[in-house]
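Reading the structure
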Amino acid sequence: MTHAIDRRTILKTGAAALTLPLAAPALAQGKTEVSFFYPVAVGGPITKLIDSFAADFEKENPSISIKPIYSGTYQETIVKALTAHKSGTPPVTSVLLSTDMFTLIDEEAIVPFDDFIRTDADKKWLASFFPSFMENSQTEGKTWGIPFQRSTVVLYWNKELFKEAGLDPEKPPTTWAEQIAFAEKLTKRDGANTTQWGIQIPSSGFPYWLFQGLTTQAGAILMNPEGNKTAYDAPAVVEALQYWVDLSRKHKVHPTGIVEWGTTPRDFFERKCAMMWTTTGNLTNVRTNAKFPFGVGMLPAGKRAGSPTGGGNFYLSKKSSKAEQEAAFKFIQWITTPERAAKWGIDTGYVAVRGDAWETPAMKDYVAGFPAAAVARDQLKFAVAELSTHENQRVTKALNDGLQAALTGGKTPEAAMKDSQAEAERILRPYRR
Amino acid sequence: MTRRFDRSWIHAWLMLGPSLALLALFTHWPAVATIIDSFYSTPRPRRPSRMVGFENFEQMTADPVFWQAVWNNLWFALGTIPVSIALALLMAIWVNDRIAGRTLVRMAYFTPTVLPMIAVANIWLFFYTPQYGLLAQVLGVFGVQSPNWLGSKDTALAAVTLVAVWKEAGFFMIFYLAALQTISPTLAEAAALEGASRWTYFRRVQFPLLMPTTLFVLVNAVIGAFRTIDHIVVLTKGGPDNATLLLLYYIYQVGFSFWDTGYAAALTVVLLATLGLIAIIQYGVLERRIHYR
């Protein structure tokens, strides 16, 4: 069936090309169209990059036309993609959060990639991605997402302020205790006023993600791979939250209350905080805007080193035709070749998603001139899956509310985590049958 | 005679038709559909939607987040409505007089209304930033340590309320200004001849004549207080720990983040019913006390 369509397409395009070189619309009709939703979550010329990728792919594959559609933030993109799915005409492929996997499976909105993996080359391609990125892409023994714009949490520090405080500007803190000791030296007070904070860990919007850095370091894993059980009230999790709360309340080296995710990079540029935790996706942003030498390091270790992964995967829509899915699969394979994964990583700051991308000449040159770019890759050894469960948004909100309650002083860390766990239990119970 | 009557009927329907169709399609049908949906469970691929009666509404009574949103919204309404109306009236009377640079002042008051809410919220995000935000700097001059306005539970709701007041007051001012200019100057002259003070003139003449405008503005303010969502998304996302969660934002979360459409429909019905009730009170009770010319 597909062959027949292909042959007809070729004949039609061939004939059209011979007889009517100017009839572009007729030509386009024989093409398989792949609509493609993508969000923008970091600074940089993302739309331009995507458009140029699409144009290059079309040049090599004249029978496929790629239609990239910018669709807002991750949050807005999944709303649009699922609404389109419910109305019957979803985009053939979309880049959505890797943590949305269970939601998309439950809504029966996506198909696994396993049916498309046929040749040995395909198998090799699938095996080339960093294993820690695949943790949020596979469940029930199937692969549902292909890593694309992925990240981890890293520590940025201001080398000038380190020097001023008598610290070695080349050495970031490597343990929890060091992190406090460094931050104490880096905090400047003017009477009751603090003019410069030692450290900032943002807690607005999605505090769970940065918190997962702390819980991983404390030795806890927040959920099971089946996505139907959480461990919010485990002792190690409470300990991690206590550490975060203590940074502001006991040691007074971290602002009290909620720290804005959006303004934290600016606080760093304005020298209002000496160290910050944020995504490696902000690397290009910081490189452009910091007016001082800065360092990028792995997050300090507690019982162990650790950070969650984050960011977006490619998904294939279930309601698209087989031909459209095949075309999209071809595009996804094309855009994740080592050279293109490397280019994408260099231009945006995201972690290039496969090992061999780091062996390309372009990437080697880049890392040689800017070693900070390799930190996120090196940290992947210690990375764990990002919090992702069935009813993901709701279960995550239960944790976020608890975190904010503890950080604003409304509840003790222990009570807050107990409440969050109770709420998550209530939501997830139906998925355990 | 009958023929002409028919023609005018056809004309009338042709004129009304488009708006009727749009109104039915985008206002009445969604409202009716929402009410129907609120009695059904959320459809899932493996568990199709079924009639559940009042289950969604029972869930609401036991949902602490919903009650918090209700309380937040009440405080938000109490904070925005009287203050923004009073401020609008004050500004309108002020710029209605012949003062120097009147046009400039009017424009300045009206500017917040013209700006898109998302842009406004982003600007305020930096006003509220601890340490170097505008508020922190102003307070710093007096040696006061600025609190973390959006990041602490005690101040977050007040902070987002203030943004709404700032945005709404300029809009309401325009209506008051228009109404003030229709008041005949002879009344002011008469009052002056009688030796009435400025306050008496306002209390006995201006304010009563402005009552129809006040009712209109009040209805708008109430709707506005329950409709605000955009600046919450930018400023706090309902946090910290639900301290600034308003009803409409909660409905959005339940509907489009959790995809629990059945429960979201039930929440919407409650919001609709509340607004309907308030409108009945406003028009049924208040309107009788208003003097129209």
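Residues numbered from 1 in each chain as written. Chains lettered and ligands numbered in written order. Predicted model: local features only at pLDDT ≥ 70, side-chain atom pairs only at ≥ 80, totals over all residues. Heavy atoms only, no water.

An unreviewed UniProt entry annotates chain B as Sugar ABC transporter permease of Phreatobacter aquaticus. Annotation of chain B in UniProt includes, under Subcellular location (unreviewed entry), the sentence "Cell membrane". The Sequence similarities (unreviewed entry) field of the UniProt record for chain B holds the comment "Belongs to the binding-protein-dependent transport system permease family." (UniProt positions renumbered as here; feature names shortened; annotations may be inferred.)

Labelled according to an unreviewed UniProt entry, chain A appears under the name ABC transporter substrate-binding protein, originating from Phreatobacter aquaticus. Chain A has a UniProt comment under Subcellular location (unreviewed entry) that states "Periplasm". Under the UniProt heading Sequence similarities (unreviewed entry), the entry covering chain A gives this text: "Belongs to the bacterial solute-binding protein 1 family."

In terms of regular secondary structure, chain B is built from 12 helices and 0 strands. Scanning chain B from its N terminus toward the C terminus, one meets helices and strands in the order α-α-α-α-α-α-α-α-α-α-α-α. Against the compact-globule benchmark of 19 Å for 293 residues, chain B has a radius of gyration of 24 Å, which places it well outside the compact range. Oriented by its inertia axes, the alpha-carbon framework of chain B measures out at about 80 × 80 × 30 Å. Within the span of chain B, comprising 293 residues, buried residues form 41% of the whole. Partitioning the intrachain contacts of chain B with sequence separation of at least 6 by distance along the chain shows that 68% fall at a separation of at least 24. Roughly 16800 Å² of accessible area belongs to chain B as shown, and the carbon and sulfur atoms make up 71% of that amount. (Helix = DSSP H or I, 4+ residues; strand = E, 2+ residues; numbered from the N terminus. Rg over C-alpha atoms; globule rule 2.2 N^0.38 Å. Buried < 20%, exposed > 50% of the residue type's maximum accessible area, 1.4 Å probe, protein only. Contact = heavy atoms within 4.5 Å. Areas by Shrake-Rupley, 256 points an atom, 1.4 Å probe, with all protein chains shown as cover.)

Looking now at the domain arrangement of chain A. Residues and elements named next belong to chain A. Annotation of chain A at the domain level lists domain 1 (16-151 + 310-382) and domain 2 (153-308 + 387-431). One C-alpha centre belongs to domain 1, the other to domain 2, and the line joining them spans 30 Å. If you look at the interface, domain 1 gives 25 residues, while domain 2 gives 31 residues. For the pair domain 1 and domain 2, the interface holds 0 salt bridges. Where domain 1 packs against domain 2, one counts 10 residue pairs in polar contact (both at pLDDT 80 or more). Among the secondary structure elements, those contributing two or more residues to the side of domain 1 that touches domain 2 are α5 (101-106), α15 (338-348) and α17 (375-379). The dominant element in the side of domain 1 that touches domain 2, judged by the number of residues it contributes, is α17, at 4 residues. (Domains from an automatic or database assignment. Salt bridge = Lys/Arg side-chain N within 4 Å of Asp/Glu carboxyl O. Polar contact = N/O pair within 3.5 Å; in protein donor to acceptor, adjacent residues only side chain to side chain.)

All names here are of chain B. The sites that UniProt annotates as "transmembrane region" (unreviewed entry) are residues 74-95, 107-126, 157-179, 209-229 and 265-286. Note that residues 107-126 is 90% helix and 0% strand, and that its end C-alpha atoms are spaced 23 Å apart. Counted over residues 157-179, helix gives 100% and strand 0%. Its end C-alpha atoms are 33 Å apart.

With numbering aligned to this structure, UniProt lists the feature "domain: ABC transmembrane type-1" (unreviewed entry) at residues 70-282 of chain B. In residues 70-282 of chain B, the share of helix is 77% and the share of strand is 0%. The end C-alpha atoms are 20 Å apart.

A separate point is the interface of chain B and chain A. In this assembly, 27 residues from chain B lie in contact with 34 residues from chain A. Across the chain B/chain A interface, buried area totals approximately 2800 Å², and carbon plus sulfur atoms make up 50% of it. By the criterion of area lost to chain A, the three top residues of chain B are Gln131, Tyr132 and Trp259 of chain B, representing 24% of everything that side buries. Our enumeration of links across chain B and chain A arrives at 3 salt bridges. Of all the secondary-structure elements, those providing two or more residues to the side of chain B that touches chain A are α5 (117-127) and α11 (247-257) of chain B. When residues in the side of chain B that touches chain A are grouped by element, the largest group, 5 residues, is from α11 of chain B. (Buried area = accessible area lost by both parts, 1.4 Å probe.)

Residue and element names in this part refer to chain A. The buried fraction of strand β10 (residues 273-279) amounts to 7 of the 7 residues, a majority that puts the element mostly inside the structure. As judged from the 5 bridges shared by strand β7 (residues 146-158) and β10, these two strands associate in the antiparallel manner. Paired with Val153 across the bridge in β10 is Thr279. The pairing of strand β9 (residues 193-200) with β10 spans 3 bridges and is parallel. (Pairing = 2+ DSSP bridges.)

For the rest of this paragraph, the subject is the nonpolar core. Counting 70 residues, the largest nonpolar core has Tyr156, Phe268 and Phe294 of chain A as its most contacted members. The element that contributes the greatest number of residues to this core is helix α14 (residues 322-335) of chain A, accounting for 7 residues. Each of two domains, domain 1 (16-151 + 310-382) and domain 2 (153-308 + 387-431) of chain A, supplies a minimum of three residues to this core. Apart from residues no more than four positions distant in its own chain, Phe268 of chain A is found in contact with Tyr156, Trp157, Asn158, Cys273, Ala274, Met276, Val286, Phe292 and Phe294 of chain A. Ranked by size, the runner-up nonpolar core spans 64 residues in total, among them Ala88, Leu157, Leu177 and Val254 of chain B. (Core = buried A, V, L, I, M, F, W, Y, C linked by side-chain atoms within 4.5 Å.)

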